[in-house]
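# Residue-level structural notes
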Amino acid sequence: MALRKIVLQGEECLRKKCRVVTDFNARLHTLLDDMRDTLLDSGGVGLAAPQVGVLRRVCVVMNEDEEIIELVNPEIIAAEGEQTGLEGCLSVPGKYGVVTRPDFVRVRAQDRHGKFFTVEDEGLTARCFCHEIEHLDGHLFVEHTDHLMEGEELEEYIRRMEEEDA
Ligand code: NI
């Protein structure tokens, strides 16, 4: 098990377009293993390679069954509906914003051996696919909101949302 350091907003590597993976070798497998460990340790639901300083099109997403999906060279090939909700990022710790995303997405990607597959999901996991794949083109969720919340304001927002859901 190896944890990698998560880089924070402001670092140049989070602004770069990542390169396509062409070699499905031991180096890639180590990266994926380390990203899985780092994600589990962080308590987050998704992590993209540029967040650990690697400019390759690789990310991991944890779905609502707590399975970690490894995505190499992922592309969103279908999107439907709309959801608006709170979103955060391990590279922007403690700060959250309200972001609108598709409610359903289908993703085509390769696995760690280069085999193509598709995966689809809705809700939080669809949001996570969009968020992580966007990282691979140098974009952060903060670009989708003009207001970030933290501390008391964030707690108040969450309380209000829970009341509305009740
Ligand atoms: Ni992120």
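Provided above is the structure to which this section pertains.
For the structure given in this document, a descriptive report is provided here. Since we're looking at a predicted model, the values are computed, not measured. (Residues numbered from 1 in each chain as written. Predicted model: local features only at pLDDT ≥ 70, side-chain atom pairs only at ≥ 80, totals over all residues. Heavy atoms only, no water.)

### Section: the environment of E122
Along the chain, E122 falls in strand β7 (residues 116-122). Taking C-alpha positions, E122 is 9.0 Å from R106, a pair spaced 16 residues apart along the chain. Ignoring any residue separated from it by four or fewer positions in sequence, one finds E122 in contact with E64, D103 and F104. (Helix = DSSP H or I, 4+ residues; strand = E, 2+ residues; numbered from the N terminus. Contact = heavy atoms within 4.5 Å.)

### Quick notes on the environment of D111
On the secondary structure map, D111 appears in the loop between β6 (104-110) and β7. Of the residues examined, D111 reaches a relative accessible area of 23% and is grouped as partly exposed. Sequence separation between D111 and R160 is 49 residues; the distance between their C-alpha atoms is 40 Å. In this structure D111 touches F24, V72 and F117, once residues within four positions along its chain are discounted. (Buried < 20%, exposed > 50% of the residue type's maximum accessible area, 1.4 Å probe, protein only.)

### Concerning the pattern of salt bridges
All told, the structure shown has 12 salt bridges when counted by the stated rule. Here D137 ties to K17 by a salt bridge, and the two come within 2.8 Å at their closest N and O atoms. Linking D137 in the loop between α2 (123-135) and α3 (151-165) with K17 in the segment before α1 (26-42), this pair joins segments that are 120 residues apart in sequence. A residue is classified by how much of its surface remains accessible, and D137, at 27% relative accessible area, is partly exposed. In this structure, R112 and E70 form a salt bridge, with 2.8 Å as the shortest nitrogen-oxygen distance. Residue R112 is found in the loop between β6 and β7, and its partner E70 is found in strand β3 (residues 68-80); the two are separated by 42 residues along the sequence. The two residues R112 and E70 agree in class, both being buried. If you follow the salt bridges from partner to partner, you end up with D33, R36, E70 and R112 in one network. (Salt bridge = Lys/Arg side-chain N within 4 Å of Asp/Glu carboxyl O.)

All quantities given are derived from atomic positions and should not be read as evidence of function.
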